[in-house]
Amino acid sequence: MKIARNMACRVRRTGHGWTGFGSLHARSMVTELPYLPQRWEELALPTRRRIEDAKSMHPLFYTDAAYAQAERERIFGMSWFAVAHVQELAQPGDVKVVEVGTTSIILTRDKNHRLHAFYNSCRHRGARVVSSGATGCKQLVCPYHWWAYRLDGSLKSTPPAAMPKERKDDLGLARVPGLETFAGLIFLNQMPKPPPLRDTLGDLPEKLARYDLDEMHLYKHKMYDIAGNWKLIAENYVDFYHVDAVHPELAKFSRVDDHQPYQGGGQYVGFVTNPLTDCGGPGDTSRFNHFARLKAVESSSGLYFQIFPNVSLTIYPHSMFTMLTLPAGPDRTQEQLTLLMAPEAQKNGVSRDEHHERCEAWMKFFMEVNDEDVAAIENLQKGLANRDGRGMHGEFIPKYDWTVHRFQNMVLSGLEGHTLNEDYMPRLESAFEQMVRSA
Ligand code: FES
Ligand SMILES: [Fe+2]
């Protein structure tokens, strides 16, 4: 694969660890990435096998600051990752700030409707320019000495002194090199010349072809501050094995054994629930209009995708929930849960107020599911901290845990600057996949 070769040649082995030529910041084209911790290969090896012989990732990957730092620099520093919904920056003047560890990034939409991403550091003395999101912004003004930047990042004024135009032209905000959109989400890449996002997604765009994810209406989002490692949130998301134990209400229409793989090659983990069981709940398939172009089999299915590394898409025939995570520390993660509705979800004969109530009930249901997940994740973090240092890896049951095994191997490959090696992943053709193809 082109990207794997490109990335691999940026990373070289030294006598005492891995170093690489990648860059967290556009301004430095060649930056030495930090070493991976000394024992990393030894601790990673048991997970990097076929699932029948593999062990789950060592607890240190979830508790140790050195591993967390390496992931932020190497995974979030070298891979595409999600930061926002396009709809959050729908209008010129919309601004959002996101934090990846200590790296702060400003997202803007300028007056020409173009999206931008900049490092949140003033070109004068380096102060943080923007502290929170806003709407209707005309310019970004640094609070320290009032240097003002346009929403396209260019330096506008340095009051009260004037500065020659030629000099100002060189002093725009430093741009994050890669910005692309997919499935209505904004993705960034901090590598100086990143490969196209779609090169990493394999057949996922094809699987989503009949879902109009770019046209959806953002209904609401909620932020969570979770006392758990960011990987545990992704792993919990792809772990359908816990549904019956942790989510009694969800299990009424989405049981453990209703899940099937929906997985091709690419930097994602995918599975489906088919058929969805209507149970008189707020997510019943009859409560909203569906995406207009779905095949019949898709109209009775729930799709679940974790796009590596940090965003999940839960896609029902009428709506999508996303969970977007950004690591704050080894045991701290910021999560954004968002509900988006299909373009024409409001049914004929249903008033606007009634439609709103239906959306609200659906959001409330999912927040309750998420509260159950957050409790499970925080409990898992505590358990991993407890066995930290005892050298105890976890176990896999292949029928259920192939999703976690796949995600963990994407993490380990990402730390080396590669995409996943599919050769030792299981072949997972499912009845659902065949039904979609033949429908
Ligand atoms: S540091 Fe921003 S204006 Fe001085
Ligand atoms: Fe869950």
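Remember, predicted model here, so these are calculated numbers, not experimental data.

This brings us to the coordination of the iron ion (ligand 2). The coordination sphere of the iron ion (ligand 2), as far as protein atoms go, consists of His242 (NE2), His247 (NE2), Asp373 (OD) and Asp373 (OD), spread over 2.0 to 2.7 Å. What the four donor atoms of the iron ion (ligand 2) show is an angle range of 53 to 151° at the metal, which sorts the shape as irregular. Taken in sequence order, the residues that donate to the iron ion (ligand 2) follow the motif H-x4-H-x125-D. Of this pair, His242 sits in the loop between helix H7 (230-238) and helix H8 (243-246) while Asp373 sits in helix H9 (residues 352-387); the two residues are 131 residues apart in sequence, bridging distant segments of the chain. Each member of the pair His242 and Asp373 is classed as buried.

Further remarks concern the domain arrangement of the protein chain. Split by domain assignment, the protein chain resolves into domain 1 (84-179) and domain 2 (194-438). Computed over C-alpha atoms only, the centres of domain 1 and domain 2 are separated by 33 Å. Taken together, the contacts link 11 residues of domain 1 with 12 residues of domain 2. Summing both sides of the interface, domain 1 and domain 2 together bury roughly 820 Å²; the carbon and sulfur share of this comes to 62%. At the junction of domain 1 with domain 2, the criterion picks out zero salt bridges. Counting every contact that joins domain 1 to domain 2 gives six residue pairs in polar contact (both at pLDDT 80 or more). Elements with a minimum of two residues in the side of domain 1 that touches domain 2: strand S4 (81-85) and strand S5 (95-100). Sort the elements by how many residues they give to the side of domain 1 that touches domain 2 and S5 lands first, with four residues.

Here we come to the nonpolar core. Formed by 111 residues in total, the largest nonpolar core has its most connected members in Phe61 and Ile315. The element contributing the most residues to this core is H9, with nine residues. In terms of domain composition, this core takes at least three residues from each of domain 1 (84-179) and domain 2 (194-438). Residues contacting Ile315, with those up to four places away along its chain left out, are Leu208, Tyr211, Leu213, Phe291, Ser301, Gly302, Leu303, Phe305 and Met320. Grouped together as the second largest cluster of nonpolar side chains are 17 residues, Val97, Phe118, Leu155 and Leu173 included.

The rules behind these values
- Residues numbered from 1 in each chain as written.
- Chains lettered and ligands numbered in written order.
- Predicted model: local features only at pLDDT ≥ 70, side-chain atom pairs only at ≥ 80, totals over all residues.
- Heavy atoms only, no water.
- Donors = N, O, S within 2.8 Å, 3.2 Å for Na, K, Ca; no water.
- Tetrahedral: all angles 85-135°; square planar, octahedral: opposite > 155°, others 65-115°.
- Helix = DSSP H or I, 4+ residues; strand = E, 2+ residues; numbered from the N terminus.
- Buried < 20%, exposed > 50% of the residue type's maximum accessible area, 1.4 Å probe, protein only.
- Domains from an automatic or database assignment.
- Contact = heavy atoms within 4.5 Å.
- Buried area = accessible area lost by both parts, 1.4 Å probe.
- Salt bridge = Lys/Arg side-chain N within 4 Å of Asp/Glu carboxyl O.
- Polar contact = N/O pair within 3.5 Å; in protein donor to acceptor, adjacent residues only side chain to side chain.
- Core = buried A, V, L, I, M, F, W, Y, C linked by side-chain atoms within 4.5 Å.

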